[in-house]
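# Inside the fold
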Amino acid sequence: MSESVILTPTHIDRLKGGSPADREVPGLSIVFFGPAKKQWRFRRLVEGPSKTVERILCVYPAFSIDEARVRAAGYA
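Every chain begins its residue count from 1, and numbering advances along the sequence as written. Totals for whole chains, interfaces and linings use every residue, but because this is a predicted model, local features are given only for residues with pLDDT of at least 70 and side-chain atom pairs only at 80 or more, for both listing and counting. The side-chain values count all of the structure's non-hydrogen atoms but skip hydrogen atoms and water molecules.

### Details of the packing of aromatic side chains
Definition in use: Side-chain rings of Phe, Tyr and Trp, where Trp is taken by its six-membered ring, are said to pair if the distance between their centres is within 6.5 Å; with planes under 30 degrees apart they count as stacked, over 60 as edge-to-face, and otherwise as tilted. Helix and strand assignments come from DSSP, with helices taken as H or I runs of at least 4 residues and strands as E runs of at least 2, each series counted from the N terminus. For each residue, the accessible area found with a 1.4 Å probe, counting protein chains only, is set against the maximum for its type, and the residue is called buried under 20%, exposed over 50%, and partly exposed in between.
Counted under the stated rule, the structure contains one aromatic pair. Arranged with centres 6.0 Å apart and planes meeting at 80°, the rings of Trp40 and Tyr60 form a pair that is edge-to-face. With a gap of 20 residues between them, Trp40 in strand E4 (residues 37-46) and Tyr60 in strand E5 (residues 51-60) connect regions that are remote in the sequence. We note that Trp40, like Tyr60, is buried.

### A short note on the pairing of E5
Where a strand is regular, its side chains alternate between the two sheet faces. Put simply, the rule is: The criterion for strand pairing is that DSSP finds at least two bridges linking the strands in question.
In terms of strand pairing, E4 meets E5 through nine bridges, oriented antiparallel. Looking at E5, one finds that Phe42 is bridged to Arg55. With antiparallel pairing between neighbouring strands as the criterion, E4 and E5 make up a hairpin whose turn holds four residues, including Gly48 at a positive phi of roughly 125°.

Structure (C-alpha cells):
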C-alpha cells in the first residue's frame, strides 16, 4: 500500500494509480485498476507466524466509503 489518507469521494475520483490506505480503518485501502475499476480491499496482519488476512470487499462506487469501512471493521 502507498500513503495513508482520509479517503473522500473527490480523492478517489482523482486517483490515477496506487492503492492508498484509509486512515479511518486500519487495513482498508482502495485499489486502482483503471479509470472504470476501483476495488475496496482489506489487508491486515494477524497474530501468528506471518499470517495476513486479505479480502476484496466490493467495488467503488457501488459501495460507498462508509459501507466499505463497515465491512472492513467486521474483519478487524
